[in-house]
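Analysis of the macromolecular model
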Amino acid sequence: MDLNLDAPHSMGTTIIGVTYNGGVVLGADSRTSTGMYVANRASDKITQLTDNVYVCRSGSAADSQVVSDYVRYFLHQHTIQLGQPATVKVSANLIRMLAYNNKNMLQTGLIVGGWDKYEGGKIYGIPLGGTVVEQPFAIGGSGSSYLYGFFDQAWKENMTKEEAEQLVVKAVSLAIARDGASGGVVRTVIINSEGVTRNFYPGDKLQLWHEELEPQNSLLDILNAASPEPMAM
Amino acid sequence: LVQFTIPIDNGDALKNAEADSQRTLYPYVTGTSIVAIKYKDGVLMASDMGGSYGSTLRYKNIERVKAIGKHSLLGASGEISDFQEILRYLDELVLNDNMWDDGNSLGPKEVHNYLTRVMYNRRNKFNPLWNTLVLGGVKNGESYLGMVSMIGVSFEDNHVATGFGNHLARPILRDEWRADLSFEDGVKLLEKCMRVLLYRDRSAINKLQIAKITEEGVTVSQPYSLKTFWEFQAFHNPTAGAQGSW
């Protein structure tokens, strides 16, 4: 069984961005793999670009990091020149510029989400190739394959902040259950006019899905809790 | 994802300047057919709102027909990011044209010619914009309809279609198109074509827009869906006489 430790670091990933009545909620898993080995089980794939705009990264870890680093740098200068916070649209277009013009070399899919005073909460999906698509919600990464049906059914317009965050956490958790390239914890970032809130949901805080069992400390606890002859035939 | 070239490994594109010189690429997010016809008052163009990612029907709200200036309509199939880039080029073209402030405006013939040059020159550099474009418009009472492919093949006609539309829609149009089609008949004809595409093109989705351009200007319809028919007797029990067949 070849672990292939020389394989490029790839974030299999599940990433999600959802708009709600007042802002956006971004969510992601935390697994970064090198071939079959989990190089980082607690990565943070939701990266800050400005005070009010964040990006969810998927695909090649290196490519997504360098693209977001460049865009953070450009946005910093843009904000100084503009004299006010950058808009989500400008952030998305800068990402698009790098993604499109380097489409031969890059392998990263991104979801840009944030809040600005002109348009409120907005989500932009930027898949491989550099297309920009403004959407009420976006999903990406290898884990997203398992979520198309889920969102088709569960997504509703004008959710509250709590509903939106619960939807995101549930979705990432479902994807983690089925996608080997996604795992670890669920991280969320909520952005609205009031500011930014980061949340963290470790595995044991999540709902159990089909064929998943309640985690235990040890078999011994189960044996002791059960009747005197639990191991008898 | 389909590969359209035999890969030559020139190494890492970041360190070796010619590593990606074997370009040609492959598309990622693609739009399917565009169908367009000239009619009595101008041009009608239909497209669905899908953006496919390989075999996944990933995006269902992509507008693939856009107004260009006052006199033209551009529809695109193929890679959506390249279409978005073409729209940027055209924005610049229209802006510069307006800056002359001489009362003249770009007509469909000029836009079509510009696009033909762009597509052909990119093809010559082995780095095509992966689109088939349909350009329709009306200027000074004259209707215009043409298309350009990713390899620079360019022509005008009374009715055009891209992708699957070439095989499924054009035969219908060859039979039923007339120069004096009314708006209603034109829409019904396009809907007939779009319904066949919906039945037979895997990458088609049931959400379409029909755009109209006349001397007065451009109108793009709201997104809507077509009814489909499944109640043929032959569909009810096709394998009754031959269990195991299809």
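Definitions and limits used
Residues numbered from 1 in each chain as written. Chains lettered and ligands numbered in written order. Predicted model: local features only at pLDDT ≥ 70, side-chain atom pairs only at ≥ 80, totals over all residues. Heavy atoms only, no water. Helix = DSSP H or I, 4+ residues; strand = E, 2+ residues; numbered from the N terminus. Buried < 20%, exposed > 50% of the residue type's maximum accessible area, 1.4 Å probe, protein only. Contact = heavy atoms within 4.5 Å. Areas by Shrake-Rupley, 256 points an atom, 1.4 Å probe, with all protein chains shown as cover. Lys, Arg positive; Asp, Glu negative; His and termini not counted. Charge placed at Lys NZ, Arg CZ, Asp CG, Glu CD. Buried area = accessible area lost by both parts, 1.4 Å probe. Salt bridge = Lys/Arg side-chain N within 4 Å of Asp/Glu carboxyl O. Polar contact = N/O pair within 3.5 Å; in protein donor to acceptor, adjacent residues only side chain to side chain. Nonpolar A, V, L, I, M, F, W, Y, C, P; charged D, E, K, R; others polar. pLDDT = per-residue confidence, 0-100. Pairing = 2+ DSSP bridges. Axes fitted to C-alpha atoms, helices over the stretch in contact; angles between N-to-C directions. Parallel < 35°, antiparallel > 145°, perpendicular 65-115°, else oblique. Left-handed = near helix turned anticlockwise from the far one by under 90°. Core = buried A, V, L, I, M, F, W, Y, C linked by side-chain atoms within 4.5 Å.

**Topic: the overall build of chain A**
When its secondary structure is counted, chain A shows 5 helices and 13 strands. For chain A, the C-alpha atoms occupy an extent of roughly 75 × 45 × 30 Å along the three principal directions. The buried share among the 233 residues of chain A stands at 48%. Within chain A, residue pairs in contact and separated by at least 24 positions form 63% of the contacts whose partners lie at least 6 positions apart. Roughly 12000 Å² of accessible area belongs to chain A as shown, and the carbon and sulfur atoms make up 51% of that amount. In chain A, which carries 17 positive and 23 negative side-chain charges, the distance between the mean positions of the two groups comes to 7 Å.

**A look at the overall build of chain B**
The helix and strand tally for chain B stands at 5 helices and 13 strands. By its C-alpha atoms, chain B is 65 × 55 × 30 Å across when sized along the principal axes. Out of the 246 residues in chain B, the part that is buried amounts to 47%. Look at the contacts in chain B between residues 6 or more apart in sequence, and 60% of them connect residues 24 or more apart. When the accessible area of chain B is evaluated, it comes to approximately 13300 Å², of which 51% is carbon and sulfur surface. Looking at charge distribution, chain B has the averaged site of its 27 positive side-chain charges lying 5 Å from that of its 29 negative ones.

**As for the interface of chain B and chain A**
Counting from both sides, the interface comprises 20 residues of chain B and, opposite them, 18 residues of chain A. Where chain B abuts chain A, roughly 1700 Å² becomes buried across the two surfaces, and 51% of that area is made up of carbon and sulfur atoms. It is Tyr-28, Arg-58 and Tyr-59 of chain B that lose the most area in chain B upon contact with chain A, and together they represent 29% of the buried surface on that side. Counting every contact that joins chain B to chain A gives 2 salt bridges. Its salt-bridge partner being Glu-85 of chain B, residue Arg-96 of chain A comes within 2.9 Å of it at the nearest N-O pair. Counting across the interface, chain B meets chain A through 10 residue pairs in polar contact (both at pLDDT 80 or more). At the level of secondary structure, the elements contributing two or more residues to the side of chain B that touches chain A comprise β5 (56–59) and α1 (80–99) of chain B. If you tally residues by element for the side of chain B that touches chain A, the top one is α1 of chain B, at 6 residues. Residue composition of the side of chain B that touches chain A, by class: 10 nonpolar, 3 polar and 7 charged.

**As for the confidence of the model for chain B**
Looking at chain B as a whole, its pLDDT mean stands at 92, while 92% of the residues score no less than 70. Predicted complex, confidence summary: ipTM 0.81, pTM 0.87.

**A look at the pairing of strand β13 (residues 195–201) of chain A**
All names here are of chain A. Bridge count for strand β12 (residues 186–192) against β13 is 7 bridges, and the pairing is antiparallel. Note on β13: the bridge partner recorded for Asn-192 is Gly-195. Linking β12 to β13, which pair antiparallel, is a turn of 2 residues.

**Observations regarding the side chain of Arg-58 of chain B**
With respect to the helices, strands and loops of the structure, Arg-58 of chain B is situated in strand β5. Although Arg-58 of chain B is buried, it forms no salt bridge, and the closest oppositely charged side chain is Glu-79 of chain B at an N-O distance of 10 Å. Separated by 3.3 Å, the side chain of Arg-58 of chain B and the backbone oxygen of Ile-139 of chain A make a polar contact. Residues within four places of Arg-58 of chain B in sequence aside, it is in contact with Pro-127, Ile-139, Gly-140 and Tyr-148 of chain A together with Gly-51, Ser-52 and Tyr-53 of chain B.

**Points about the packing of helix α2 (residues 88–101) of chain A against α1 of chain B**
Look at α2 of chain A against α1 of chain B: their axes get within 11 Å of each other, and the N-to-C directions meet at 115 degrees. Taken together, the axis directions place α2 of chain A and α1 of chain B in an arrangement best described as roughly perpendicular. As α2 of chain A runs across α1 of chain B, the sense of the crossing is left-handed. Facing Asn-93, Arg-96, Tyr-100 and Asn-101 of chain A of α2 of chain A, the residues of α1 of chain B in contact are Ser-81, Asp-82, Glu-85 and Arg-88 of chain B. Across the contact of α2 of chain A with α1 of chain B, the residue classes break down as 1 nonpolar, 3 polar and 4 charged.

**Some thoughts on the pairing of strand β11 (residues 137–140) of chain A**
Residue and element names in this part refer to chain A. Residues Phe-137 and Ile-139 point to one face of β11 and Ala-138 and Gly-140 to the other, with burial holding for every one of them. Across 4 bridges, strand β2 (residues 15–20) lies against β11 in antiparallel orientation. Each bridged residue has a counterpart across the sheet, and for Gly-17 the counterpart in β11 is Ala-138.

**Some details on the environment of His-112 of chain B**
Residue and element names in this part refer to chain B. Within the secondary structure, His-112 sits in helix α2 (residues 108–124). Look at His-112 and you get buried, because its relative accessible area is 4%. With 64 residues separating them in the primary sequence, His-112 and Glu-176 have C-alpha atoms 26 Å apart. With residues near it in sequence (within four places) discarded, His-112 still touches Leu-135, Tyr-144, Gly-146, Met-147, Val-148, Ser-154 and Phe-155. At 2.6 Å, the side chain of His-112 and the side chain of Tyr-144 are in polar contact.

**Some details on the side chain of His-159 of chain B**
Residue and element names in this part refer to chain B. If you trace the backbone, His-159 turns up in strand β11 (residues 159–161). Given a relative accessible area of 8%, His-159 falls into the buried group. Setting aside its immediate chain neighbours within four residues, His-159 contacts Ala-36, Ile-37, Leu-145, Arg-170, Leu-173, Arg-174 and Trp-177.

**What about the nonpolar core?**
What tends to happen in soluble globular proteins is that the nonpolar side chains get buried as a cluster. Ile-16, Val-18, Leu-147, Phe-150, Phe-151, Trp-155 and Leu-167 of chain A are the most contacted members of the largest nonpolar core, which has 22 residues in total. Breaking this core down by element, the ones donating at least two residues are β2, β11, α3 (148–154), α4 (161–178) and β12 of chain A. The element that contributes the greatest number of residues to this core is α4 of chain A, accounting for 7 residues. Leave out the neighbours within four places in its chain, and Leu-167 of chain A touches Phe-150, Phe-151, Ala-154, Trp-155 and Met-159 of chain A. Core analysis: the second largest hydrophobic core is formed by 20 residues, Tyr-39, Ala-169, Ile-172 and Met-194 of chain B among them.

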